[in-house]
Amino acid sequence: MLLLAVAFIVAFVLLLYMVSPLISPKPLKLPGAHVVVTGGSSGIGKCIAIECYKQGAFITLIARDENKLLQTKKEIEKYSVNDKQVVLCISVDVSKDYEQVENVLKQAQEKLGPVDMLVNCAGTSVTGKFEDIEVNSFERLMAVNYLGSVYPSRAVIATMKERRMGRIVFVSSQAGQLGLFGYTAYSPTKFALRGLAEALQMEVKPYNIYVTVAYPPDTDTPGFAEESKTKPLETKLISETSSVCQAEQVARVIVKDAIQGNFNSSVGSDGYMLSILTSGMSPVTSITEGLQQVVCMGIFRIVGLFYLGSFDSIVRRCMMQREKSESADKTE
């Protein structure tokens, strides 16, 4: 009886692997494709642009700092695979004026053709305890991290629908899957991208357009270095439970998942666990992906509870140490 059950499970899994390619989206071919990367002058955005350029894509880089854009353009052009490739630079703030964003993307499409893949990577971060963060920081982060992804996506979606093809990538964060100490201004903006992505995917899937949400962990970028300067002690101690990834590694994973049309894109074992734990009602692009979520959800929830207990212990310990120190200062 046991052997029969095992044989049935093995046969079922093999059937899923055979059927899943039939329901998975057709991979996007990057050679000759037009890829737009916002926030593309540094960090993960720059590495995504390089990765796509290495595979023969035409690149439009969008960022605020024109000097950084021009420097990045020279760096990317070193990786050309043919003499037809072009790197177009556009200096604009994607979070402020929708009409301006729409106009510059229209210009980019006139020069390099319709956008095949849009990577929304523009973002910023502010860390600190909730009551210590300036109110305008909450507004600024929501504008940059959320509206800065809404505006470019809104500007290209109509053309993608007309062509019945396209990829849209939202670069969120592991802080967009799990709320952590010190990220009360940042996490909500990254969580918002998940809601946008799920609703948008349901709208555009019939048009052969696929949305990817990337959840990179702490990544060695200029933005991460700047963020680390103001991290509360609790946030630093919690961050030490995971390693810092290289931007090139993260970019390769994001580009691969976007090409395949995967909804979730994560890096490393922690990222894999979080993606399954937070999958909820998110779409899947293969039967095997759904099966993995069903099988692993309970086990990963147990592991996740240990993580949460550890984080709570760190926060409580820091609070007690702070109160003890303050009490000692008063008695002196």
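The name given to the protein chain in an unreviewed UniProt entry is 3-dehydrosphinganine reductase, with Chunga burmeisteri as the source organism. UniProt lists a comment for the protein chain under the heading Sequence similarities (unreviewed entry), and it reads "Belongs to the short-chain dehydrogenases/reductases (SDR) family."

Engineer: Quick question: what am I supposed to make of the overall build of the protein chain here?
Structural biologist: For the protein chain, the helix and strand inventory stands at 11 helices and nine strands. The C-alpha radius of gyration computed for the protein chain amounts to 22 Å, which stays within 12% of the reference 20 Å derived for 332 residues, consistent with globular compactness. Each principal axis of the C-alpha distribution contributes one length, and for the protein chain these read about 70 × 70 × 35 Å. Buried positions account for 46% of the 332 residues belonging to the protein chain. Nonlocal contacts in the protein chain, meaning residues at least 24 apart in sequence, comprise 75% of its contacts between residues at least 6 apart.

Engineer: What am I meant to see in the pairing of strand β6 (residues 209-215) here?
Structural biologist: Residues in a regular strand project their side chains so that they alternate between the two faces of the sheet. For β6, the buried fraction is high: seven of the seven residues fall into the buried class. Alternating positions in β6 separate into two faces, Ile209, Val211, Val213 and Tyr215 on one and Tyr210, Thr212 and Ala214 on the other, with burial throughout. As paired elements, strand β5 (residues 166-171) and β6 share six bridges and run parallel to each other. Its bridge partner being in β6, Gly166 is matched across the sheet by Ile209. Each parallel crossover has a hand, and for β5 linked through helix α6 (residues 187-204) to β6 it is right-handed.

Engineer: How should I be thinking about the sheet that holds strand β9 (residues 264-266) in this particular structure?
Structural biologist: Paired through backbone hydrogen bonds, the strands of a sheet run either parallel or antiparallel to each other. Ordered by their spatial adjacency, seven strands build an open sheet running β3-β2-β1-β4-β5-β6-β9, and the pairing between neighbours is parallel. Where the open sheet ends on each side, the last strands, each with one partner, are β3 (87-91) and β9. Going across the sheet, the axis of each strand differs from the next one's by a mean of 15 degrees, ignoring polarity. Across four bridges, strand β1 (residues 34-38) lies against strand β4 (residues 117-120) in parallel orientation.

Engineer: Please clarify how unusual backbone geometry should be interpreted in this entry.
Structural biologist: Most peptide bonds are trans, and most residues other than glycine sit at a negative phi. In this structure, Arg164 is a non-glycine residue whose phi angle is positive, near 60 degrees. Here Arg164 lies in the loop between α5 (135-163) and β5. Of note in the backbone geometry, Asn208 takes a positive phi value of approximately 65 degrees without being a glycine. The topology assignment puts Asn208 in the loop between α6 and β6. For Asn208, a relative accessible area of 34% corresponds to the partly exposed category.

Engineer: Could you clarify how one ought to interpret the side chain of Thr221 in this entry?
Structural biologist: Residue placement: Thr221 occurs in the loop between β7 (219-220) and α7 (222-228). Of note is the side chain of Thr221, whose polar atom sits 3.1 Å from the backbone nitrogen of Phe224.

Engineer: Please clarify how the state of the cysteines should be interpreted in this entry.
Structural biologist: When the sulfur atoms of two cysteines share a covalent bond, that bond is a disulfide. This structure, assessed with the given rule, holds zero disulfides. Left unpaired, Cys47 is separated from the closest cysteine sulfur, that of Cys121, by 9.3 Å. The class for Cys47 is buried, based on a relative accessible area of 10%.

Engineer: Explain the pattern of salt bridges here, please?
Structural biologist: Any two side chains of opposite charge can pair, given that their charged atoms come close. Inspection of the entire model under this criterion finds seven salt bridges. The partner of Asp116 in a salt bridge is Arg163, and the shortest N-O contact between them spans 3.1 Å. Taken as a pair, Asp116 in the loop between α4 (98-112) and β4 and Arg163 in helix α5 lie far apart in primary sequence, 47 residues in all. Given a relative accessible area of 31%, Arg163 falls into the partly exposed group.

Engineer: For this particular structure, what's the right way to read a positive patch on the surface?
Structural biologist: A contiguous patch of positive charge on the surface is contributed by Arg64, Lys68, Lys96 and Arg140. As for its position among the elements, Arg64 is in the loop between β2 (58-63) and α3 (66-77).

Engineer: Would you take a moment to explain the UniProt feature "coiled-coil region" (unreviewed entry) in the protein chain for this structure?
Structural biologist: UniProt marks residues 62-111 with the feature "coiled-coil region" (unreviewed entry), using the numbering shown here. Annotated as 52% helix and 14% strand, the span residues 62-111 places its first and last C-alpha atoms 15 Å apart.

Engineer: How should I be thinking about the environment of Leu61 in this particular structure?
Structural biologist: Along the chain, Leu61 falls in strand β2. On the basis of relative accessibility, which here comes to 0%, the residue Leu61 falls in the buried class. C-alpha of Leu61 to C-alpha of Val87: the two residues are 26 residues apart in sequence and 7.2 Å apart in space. Non-local contacts of Leu61, meaning those with residues more than four positions away in its chain, are made with Val37, Gly40, Ala49, Leu69, Thr72, Lys73, Ile76, Val87, Leu88, Cys89 and Ile90.

Each value, and the rule that gives it
- Residue numbering note: each chain is counted from 1, following its sequence as written.
- Side-chain atom pairs in this predicted model are given and counted only at pLDDT of 80 or more, local residue features only at pLDDT of at least 70, and totals for whole chains, interfaces and linings cover all residues.
- Side-chain measures were taken over the full set of non-hydrogen atoms in the model, leaving aside hydrogen atoms and water.
- UniProt positions are given in the numbering used here, feature names are shortened, and annotations may be inferred rather than shown by experiment.
- In this text, helices come from DSSP runs of H or I with a minimum length of four residues, and strands from runs of E with a minimum of two, each type numbered from the N-terminal end.
- To get the radius of gyration, use the C-alpha atoms; to get the globule rule, take the number of residues to the power 0.38 and multiply by 2.2 Å.
- For every residue, the accessible area (1.4 Å probe, protein chains only) is compared with the maximum for its type, and the residue is labelled buried under 20%, exposed over 50%, or partly exposed between those bounds.
- Residue contacts are counted whenever heavy atoms from the two residues lie within 4.5 Å of one another.
- DSSP calls a pair of strands paired once it identifies at least 2 bridges connecting them.
- Looking down the strands as they point away from you, a crossover is right-handed if its path from the first strand over the helix to the second goes clockwise.
- Helix axes are fitted to C-alpha atoms over the stretch in contact, other axes to C-alpha atoms as well, and angles between N-to-C directions run from 0 to 180 degrees.
- In the analysis that follows, any N or O atom pair within 3.5 Å is treated as a polar contact, provided that within protein one partner can donate a hydrogen and the other can accept it, and provided that, for residues neighboring in sequence, both atoms belong to side chains.
- Counting rule for disulfides: a pair of cysteine sulfur atoms within 2.5 Å.
- When a carboxyl oxygen of Asp or Glu lies within 4 Å of a side-chain nitrogen of Lys or Arg, that pair is called a salt bridge.
- Excluding any residue in a salt bridge, patches collect residues exceeding 30% relative accessible area, merging like charges within 9 Å and nonpolar Val, Leu, Ile, Met, Phe, Trp and Tyr side chains within 5 Å.
- Areas reported as accessible are Shrake-Rupley estimates using a 1.4 Å probe. Residue values count occlusion only from the protein chains shown.
- Under the convention used here, Asp and Glu are negative, Lys and Arg are positive, and both His and the chain ends fall outside the count.
- By convention, charge coordinates are those of NZ in Lys, CZ in Arg, CG in Asp, or CD in Glu.

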